[in-house]
Each structure stands twice: as C-alpha cells, then as structure tokens.
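Architecture and fold: a report
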Amino acid sequence: YGNFIDDLRVYVRGGSGGMGYPRLGGEGGRGGDVWFVARERITLKSIKEKYPHKRFVAGTGANSSIKALKGEKGKDCEVHVPPGISLVTDDGKQIGELNAAGERFLAARGGLGGSLATNFLPCKGQKRMIHLDLKLIADVGLVGFPNAGKSSLLSKISHAKPEIASYAFTTIQPEIGKIMYADYKQISVADLPGLIEGAHANKGMGHKFLKHVERTKQLLLVVDISGFQLSLKTKFRTAFETILLLTKELELYKEELVTKPALLAINKMDLPCAKDNLNELMSQLQNPHDFSHLLDEEMIPANTLEFKEVIPISTYTGEGIEELKACIRKSIDEEAEQENEEYRKKQLLLLQTSK
C-alpha cells in the first residue's frame, strides 16, 4: 500500500488533577484534556513521523497552595489530524469523526483536582487507545478493476500525476486530483487502488480500497470496453460482466454504496471492435436481467447501479474526456441543488412547527 497510511493507533491520556489543600479547603486544578483537531495539509504519515511514540498526554493540574487556593488547570494537548478521520476504540466502536477543518473531538478528559469531595486527593485523567481511521473525502471516486485506465483518466481530467503503466495494480495508494473548470469551480476526484473479485472479503486491497469509497459523494465506474482478465488463472470478464461484478463487490461491502449517484465511463474506445462491443454493452445495460445468466448466481448483485450517464472515452486519444468532465460537473451540481432544496424544506418545516 506504498507509504500511504490510513490507520494509526495512538495512546491518549488526560492530565492528572492537582493536590488539594486540606487545612484551608483549597482545590487542586483539573488535569488538561487531549483534543483531536482537524486541519488541512496534515497526514497520518506526518503525525507518525513527528510523534514516533504515538503517545499524547495532557498537562497535570496545579496543586492548591496558600498563594493560590484554587489550582490552575493543566495544559491541554491538541493533536492536529487530517479531515476525514473516524475515531475508533480497540473493540471497534466508533466514538466520533472529524470531517471538516476546524472540527474538534475530546479524546481524553483530565482528572479532577483534589477537593473536599475527593478527600483533597487528585483524580487521574482518562486514558485509552484510539485508532485514527482515515477515509478520504472526495466528490467523485473512481471505481474499476486493475488496468481499466483509472490513473490515465485522472491524469487527463486533472493536474494529478499518478504512476501509469501497462500492468495491473499500478495504483498502490489513493491519489486525489482536482478538475478545474473555466468558472474556477473545482471538483475533487479520488483514484483508488483497483478492486479484484472478492474485495469485499478483503482479498487484494479489499477493505483498504472500499472504505475510501464510503466518503465519496458520487461514483465513476471505469470499465475497459474489451473486457478484463487479471491473470491466466482467472476467468475473462466482458465489460458487462465487469460492471455487474463491481456492483456486487460494492454491495457486499456496504449496501448504501450502490445507492450513491453513479456515472459510467467506457474506456479504450480507440481499440479495434470497440464500437461493436459498445453497441452490445448498451443493449445489455438496457435489459440487464436478460443477460444475468452469463454470471454465477452468487455473483449477480441484488440491485443494479443506476447510471446517470454512460460516456464512451479514450484516455489514449482524448475522445469523450471533455464530455465526461461536463457530465461530472452537471451531476455534482444537480446533487448539490437537491441537497439545498431538502435543507430549505427542513428549515421551512421547522419554522412552521415552531409557530
């Protein structure tokens, strides 16, 4: 998975409280808290390099004294993390998430200072292990089997420079590019490591790939018009079978993924027989149930993906690239408008009920 880190286990501990002053009823200061704060331009790799011990401990509260009967609170510890972080305990329970820069999460609370209630003895701070689980946030996620041309497509539509080669699994770590439009609108596109059959069961890069799809707003399936075969030991799959298998992998991992808005890019239209293959594929997509017998029953998805647009492209000649960029923009804008409309309706309803 290259040098890319998307899961980091860290130890956090709130500071201990300060000692109370029994003779004068003085209270010790509270221990400091440990906070996770989302910041742009931070990576889990940079956190690991900066804090190799992966321990974050807040300051101890000040003791109560004759000069200051109320001890000062201990210093808080702030840890900057990238947006898109889920905070998970060792037993797999999600306790919070940080999706936008500036959001904060209290990871470990400081202990109380010594007071009458505690017999003037201080309390220790909260301590625990927390997994920082990163799921990339992007507008569009590229989904496809290895060698479908996802990296080539990303380099064509954005300024990203992913590694591109003629063998499978060139992409070993997620890459994010931004499509720039004439009116300065930017749309982020994530190229993720290629799926293989059985990815939902964590084969290949399985869950490492699929968890990043969760945070993308829309899906862009990229399919080789001439079909796909991972190796001589695996079956050859036509473009239609590839689409069904990709849908099945998404569905088995998390059913909600299949409900995301989706576009379909049919790549390598510069190859011989591509036009004939495309005509056959379009007729199969119009009546998918008539052709589902081509796959084993357990490989057929319960729900088919509803594609908003099907765009034939060639990353080699540049055919259809501008049309694809326009379709992505239109789809994202429509989705944003729909969200705004829903928000307006909710606000109106709240206003009416409050009256």
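Procedures and definitions
Residues numbered from 1 in each chain as written. Predicted model: local features only at pLDDT ≥ 70, side-chain atom pairs only at ≥ 80, totals over all residues. Heavy atoms only, no water. UniProt positions renumbered as here; feature names shortened; annotations may be inferred. Pairing = 2+ DSSP bridges. Helix = DSSP H or I, 4+ residues; strand = E, 2+ residues; numbered from the N terminus. Axes fitted to C-alpha atoms, helices over the stretch in contact; angles between N-to-C directions. Buried < 20%, exposed > 50% of the residue type's maximum accessible area, 1.4 Å probe, protein only.

- Per an unreviewed UniProt entry, the chain is named GTP-binding protein 10, and its organism is Sakesphorus luctuosus.
- The UniProt entry for the chain carries the following comment under Sequence similarities (unreviewed entry): "Belongs to the TRAFAC class OBG-HflX-like GTPase superfamily. OBG GTPase family."
- Recorded in UniProt for the chain, the comment headed Subcellular location (unreviewed entry) runs: "Nucleus, Nucleolus".

1. Thoughts on the sheet that holds strand β5 (residues 85–89)
- Read across the open sheet, the five strands follow the order β3-β1-β8-β5-β6; overall the sheet is mixed. A single partner strand is all that each edge strand has here, and the edge strands are β3 (55–57) and β6 (94–98). Put simply, the sheet's adjacent strands are angled 25° from each other on average, direction ignored.
- Across seven bridges, strand β1 (residues 7–13) lies against strand β8 (residues 127–134) in antiparallel orientation. Within the sheet, the bridge partner assigned to Arg-13 lies in β8 and is Lys-127.

2. Quick word on unusual backbone geometry
- The residue Asn-119 is not glycine, and still its phi comes out positive at about 60°.
- Residue position: Asn-119 is located in the loop between β7 (104–108) and β8.
- Residue Asn-119 is classed as exposed on the basis of its relative accessible area, which comes to 59%.
- Notably, Tyr-184 is not glycine yet its phi reads approximately 75°, a positive angle.
- Positionally, Tyr-184 belongs in the loop between β10 (175–180) and β11 (186–191).

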